[in-house]
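Observations on chain architecture
The residues making up each chain are set out below.
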Amino acid sequence: MTDAVLGWLDEGQRALEAGQFDVAAAAFARVQQQLPTDVSVAIALANVYRLSGDAPASRHTLLESHAGGVWADPSVAFVLGAALLDAGAAREAADCFEHVVSLMPRNPAALGALAGARRTLGDPESAWPLIHRAVSTSPRDPALLLTAAQIRHDLVDIAGALRWLDRADAARPNHRATQLQRAYSLLLGGA
């Protein structure tokens, strides 16, 4: 990296820490112009846009990085996938997570992330075997247990969803998202 790029990175980080999102975005955008395939730079820029309230610019930056960035490394692909999923780009997120799972087929976080993306895409049938494999590997992970409950709910298995929610509650008591999912499942289950 050149001294100029390092300087812009430093400027962007300092501006971000100071809440000066316009300055941070400008600095990270300059870095991205110099390193257009660097996914970590795109994620940093997208994060600045998100924090400043510009969700469309954040999503656009992530989608461009998905299309033209280098995300063959599984850790980079995972982070990009998570950012894309958060930005509402579930199809592209699933691409990233599928890549990670192809390289790390037993990684519970990757399996759970791909299951979550497929669920978001409206495909709980293909999500279920993935989350089941993830939970088999990591049976007390509360995030995976919650995802399993959400998928069972989407499959209209309310009793199954409630059993998975019981396990999620045992692993992480009083978790707000788990409590909300339980209320939603009970409401739709007629309880």
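First things first, this report covers the structure right here in the doc. Here the structure is a predicted model, which is why all the values come from computation and not from measurement.

The rules behind these values
Residues numbered from 1 in each chain as written. Predicted model: local features only at pLDDT ≥ 70, side-chain atom pairs only at ≥ 80, totals over all residues. Heavy atoms only, no water. Helix = DSSP H or I, 4+ residues; strand = E, 2+ residues; numbered from the N terminus. Buried < 20%, exposed > 50% of the residue type's maximum accessible area, 1.4 Å probe, protein only. Areas by Shrake-Rupley, 256 points an atom, 1.4 Å probe, with all protein chains shown as cover. Lys, Arg positive; Asp, Glu negative; His and termini not counted. Charge placed at Lys NZ, Arg CZ, Asp CG, Glu CD. 1 Å grid on protein atoms, 1.4 Å probe; cavity = no way out; pocket = protein on both sides within 12 Å on 5 of 7 lines; lining within 4 Å. Points joined across faces, edges and corners; volume = space filled by probe spheres on them. Nonpolar A, V, L, I, M, F, W, Y, C, P; charged D, E, K, R; others polar. Phe/Tyr/Trp six-rings, centres within 6.5 Å; stacked < 30°, edge-to-face > 60°. Lys NZ or Arg CZ within 6 Å of the ring centre and 35° of its normal.

1. Considering the overall build of the chain
Helix and strand content of the chain: 11 helices and zero strands. Listed N to C, the secondary structure of the chain is α-α-α-α-α-α-α-α-α-α-α in terms of helices and strands. Each principal axis of the C-alpha distribution contributes one length, and for the chain these read about 60 × 35 × 25 Å. When the 191 residues of the chain are sorted by exposure, 39% land in the buried category. For the chain, the exposed surface amounts to about 9,700 Å²; the carbon and sulfur share of it is 55%. Positive and negative side-chain charges in the chain, numbering 16 and 20 respectively, have mean positions lying 10 Å apart.

2. Some points on the layout of surface pockets
Its volume calculated, the largest pocket comes out at about 310 Å³. Leu85, Gly112, Ala113, Gly116 and Thr147 are the residues nearest the centre of the largest pocket, which is lined by 15 residues in total. Going through the elements one at a time, helix H5 (74-86), helix H7 (108-120) and helix H9 (142-154) are the ones with two or more residues in the lining of the largest pocket. Its residues placed into classes, the lining of the largest pocket shows eight nonpolar, five polar and two charged.

3. Comments concerning unusual backbone geometry
The bulk of non-glycine residues show a negative phi, and the bulk of peptide bonds are trans. The residue Val156 is not glycine, and still its phi comes out positive at about 60°. Its place among the elements puts Val156 in the loop between H9 and helix H10 (158-171). On the basis of relative accessibility, which here comes to 70%, the residue Val156 falls in the exposed class. The phi torsion at Asn174 lies on the positive side, around 60°, for a residue other than glycine. As for its placement among the helices and strands, Asn174 is situated in the loop between H10 and helix H11 (176-189).

4. Examining the packing of aromatic side chains
Summed over the entire model, instances satisfying the criterion amount to two aromatic pairs. When the ring of Trp128 is compared with that of Trp164, the centres are 5.7 Å apart and the planes differ by 75°; the resulting orientation is edge-to-face. In this pair, Trp128 is assigned in helix H8 (residues 124-137) and Trp164 in helix H10, connecting sequence segments 36 residues apart. Judged by its relative accessible area of 18%, Trp128 is buried. Lying across the ring of Trp128, Arg152 places its NZ or CZ 4.5 Å from the centre.

Function cannot be inferred from these measures alone, as they are strictly geometric.
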